[in-house]
Amino acid sequence: MSPQVLSFRFAFYYSAVFLAVGCYLPFWPLWLEARGLSAGQIGLLLALAAWVKVIASPSLAHLSDRAGWSKGTIVLLACLSLVAFAAFLPASGFTWIVAVQVLVAASFPLLVPLGESQAMAAVYRHSLDYGRIRLWGSLAFILGSLAAGRLVAAFDAEWVLWLILAALLVTVTAAVMLPGSARAPAAGPGSEDRSFSGLLRLLRQPGLLAFLLAAGMIQASHAAYYGFSSLHWRAGGIGETTIALLWAEGVVAEILFFAVSRKLSERFTPVTLLVAAGLLGGLRWAATAASSDLGVLVAVQTLHAATFAATHLAAMHFITRATPPGLAASMQSFYSALSGGLAMGGALLLAGRLYEATPASAFAGMAVLAVAGTGLALFAARHARPAARQAD
């Protein structure tokens, strides 16, 4: 299979998955509210889903690694996600919705890290341009959120579920089109260690664990931005349309970064990229804390290219270089659960408490978190040898 065809298939997969994510993340609470759930019930449901993801994602990914069934797991989980969301169609009571949400949380979030492990393996094996593949996911996210927002505004929140189902139908097709076999290869006496103890040995390496924690902290520093920036900016006199444009600016900056990221990843090590992302994160959140002036916000929104995209790129390359292929999905899922589950959940709680005190203090707290992540990244640089020497 040519590199061009491989790139297309992975880009198609990212587009399909993030189309669903773009519909789900911003608007799923509106669908839950339309089905009669209170604000307290919605908060409880989303928190439960986050904790299920923390437990289920690494566990299922490790089972996939042990079985050597990488593509097969992606196809299975894509089908399971489609069935799980379809089970919401007749849902009416809180108990039913909770049960289905747990099933969704155990399957849907895993589609991203499993896809990342397959894509990064192909990037290194066939010299593909990861950034230009991944940017299609960001574009699809924008498309999904815009489509869902328009349909919700014009009709009702029920359209969110239908859009997710349509995107997951495409995702199943894209998963089937991924390269590789859906069947597990036969294990031989010389096959690499895919055991849980092998994974634990990797995680006991100070450099690797420090890097993952550093990247997780920098990603988690977005908590105040994701949770409270729209409220903060609207209170500062910025209109909803302008707020939407500010959010879109951040995603566009992310896309432009991914478009040129191959040259950056060839010139700079993952640790260097992560240190730069952390320092620029400190600047971004400190500036957001200090001012709600539109000119300042337009300027610092471009730093989303560093705080999110550069952090993500650094983590993907570091994990791929430092982890045996047989444990790649396990490590990707561990990082996803760490950064998007544990770290982000804790940062959201912190940001909420600080925002209740003063909005500025929430963003100032995120600046401290990003700079602390930078310190951990420097620690990783000093302790990543010899086990992860090539990742530094």
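Residues numbered from 1 in each chain as written. Predicted model: local features only at pLDDT ≥ 70, side-chain atom pairs only at ≥ 80, totals over all residues. Heavy atoms only, no water.

1. Examining the overall build of the chain
Of the regular secondary structure elements, the chain holds 16 helices and zero strands. Out of the 392 residues in the chain, the part that is buried amounts to 52%. Restricting to contacts in the chain with at least 6 residues of sequence separation, those with at least 24 account for 85%. For the chain, the accessible surface area stands at approximately 16700 Å², while carbon and sulfur atoms represent 69% of it. (Helix = DSSP H or I, 4+ residues; strand = E, 2+ residues; numbered from the N terminus. Buried < 20%, exposed > 50% of the residue type's maximum accessible area, 1.4 Å probe, protein only. Contact = heavy atoms within 4.5 Å. Areas by Shrake-Rupley, 256 points an atom, 1.4 Å probe, with all protein chains shown as cover.)

2. Some words on the pattern of salt bridges
Applying the stated rule across the entire model yields four salt bridges. Where arginine 132 meets aspartate 129, a salt bridge forms, and the shortest distance between an N and an O atom there is 3.7 Å. Classification of aspartate 129 as buried rests on a relative accessible area of 16%. With its nearest N and O atoms 3.5 Å apart, the salt bridge here joins glutamate 266 to arginine 262. Of the two residues, glutamate 266 and arginine 262 both sit in helix H11 (residues 240–267), four residues apart, roughly one turn of that helix. (Salt bridge = Lys/Arg side-chain N within 4 Å of Asp/Glu carboxyl O.)

3. Thoughts on the packing of helix H12 (residues 270–290) against helix H13 (residues 294–301)
Helix packing for two helices is described by the angle between their axes and how far apart those axes are. Between H12 and H13, the least distance of the axes is 10 Å, while the angle of their chain directions is 165°. With respect to their mutual orientation, H12 and H13 come out roughly antiparallel. The element H12 and its partner H13 pack so that their crossing is left-handed. Judged by residue contacts, Arg284, Ala287 and Thr288 of H12 engage Val296, Leu297, Val300 and Gln301 from H13. Counted by class, the contact of H12 with H13 contains four nonpolar, two polar and one charged residues. (Axes fitted to C-alpha atoms, helices over the stretch in contact; angles between N-to-C directions. Parallel < 35°, antiparallel > 145°, perpendicular 65-115°, else oblique. Left-handed = near helix turned anticlockwise from the far one by under 90°. Nonpolar A, V, L, I, M, F, W, Y, C, P; charged D, E, K, R; others polar.)

4. A look at the side chain of serine 107
Within the secondary structure layout, serine 107 lies in helix H4 (residues 94–107). Residue class for serine 107 comes out buried when judged on its relative accessible area of 0%. Of the polar contacts made by the side chain of serine 107, one reaches the side chain of serine 81; its length is 3.4 Å. A polar side-chain atom of serine 107 sits 2.9 Å from the main-chain carbonyl oxygen of leucine 103. (Polar contact = N/O pair within 3.5 Å; in protein donor to acceptor, adjacent residues only side chain to side chain.)

5. Section: the nonpolar core
Grouped together as the largest cluster of nonpolar side chains are 96 residues, with contacts concentrated most on Trp28, Phe85, Phe88 and Phe108. With 16 residues, helix H1 (residues 3–34) is the largest single contributor of residues to this core. Apart from residues lying up to four places away in sequence, phenylalanine 85 is in contact with Tyr24, Trp28, Val104, Phe108, Leu161, Ile164, Leu165 and Leu168. (Core = buried A, V, L, I, M, F, W, Y, C linked by side-chain atoms within 4.5 Å.)

6. A few points about unusual backbone geometry
Here serine 127, not a glycine, exhibits a phi torsion of approximately 55°, which is positive. Looking at the secondary structure, you find serine 127 in the loop between helix H5 (111–126) and helix H6 (130–154).

7. Considering the packing of aromatic side chains
Describing an aromatic ring pair means giving the distance of the ring centres and the angle of the ring planes. Enumeration according to the criterion identifies 19 aromatic pairs in this entry. Their ring planes at 80° and their centres at 5.8 Å tell us that tyrosine 24 and phenylalanine 85 sit as a pair that is edge-to-face. On the criterion of sequence distance, the pair formed by tyrosine 24 in helix H1 and phenylalanine 85 in helix H3 (residues 70–86) is long-range, its members being 61 residues apart. Both residues of the pair, tyrosine 24 and phenylalanine 85, count as buried. Through a chain of ring-to-ring contacts, the aromatic side chains of Tyr24, Trp28, Trp31, Phe85, Phe88 and Phe108 assemble into a single cluster. One residue, arginine 134, lies across the ring of phenylalanine 18, its end atom 4.4 Å from the ring centre. Across the ring face of tyrosine 225, the terminal group of arginine 284 is positioned such that the distance to the ring centre comes to 4.6 Å. (Phe/Tyr/Trp six-rings, centres within 6.5 Å; stacked < 30°, edge-to-face > 60°. Lys NZ or Arg CZ within 6 Å of the ring centre and 35° of its normal.)

8. Digging into the environment of alanine 50
Relative to the elements of secondary structure, alanine 50 occurs in helix H2 (residues 39–67). Among the residues examined, alanine 50 registers a relative accessible area of 31% and is labelled partly exposed. Separated by 291 residues in the primary sequence, alanine 50 and glycine 341 have C-alpha atoms spaced 5.9 Å apart.

9. Concerning the packing of H12 against helix H14 (residues 304–322)
Between H12 and H14, whose axes approach to 8 Å, the crossing angle comes to 155°. One element, H12, and the other, H14, form an angle in the roughly antiparallel class. Seen from above, H12 lies across H14 with left-handed handedness. Between H12, through Pro270, Val271, Leu273, Leu274, Ala277, Leu280, Gly281 and Arg284, and H14, the contact on the second element is made entirely by His304, Ala306, Thr307, Ala310, Thr311, Leu313, Ala314, His317, Phe318 and Arg321. Considered class by class, the residues forming the contact of H12 with H14 number eleven nonpolar, five polar and two charged.

10. A word on the environment of serine 7
Topologically, serine 7 is positioned in helix H1. For serine 7 and leucine 178, which are 171 residues apart along the polypeptide, the C-alpha to C-alpha distance reads 10.0 Å. Residues within four places of serine 7 in sequence aside, it is in contact with Leu128 and Ile133.

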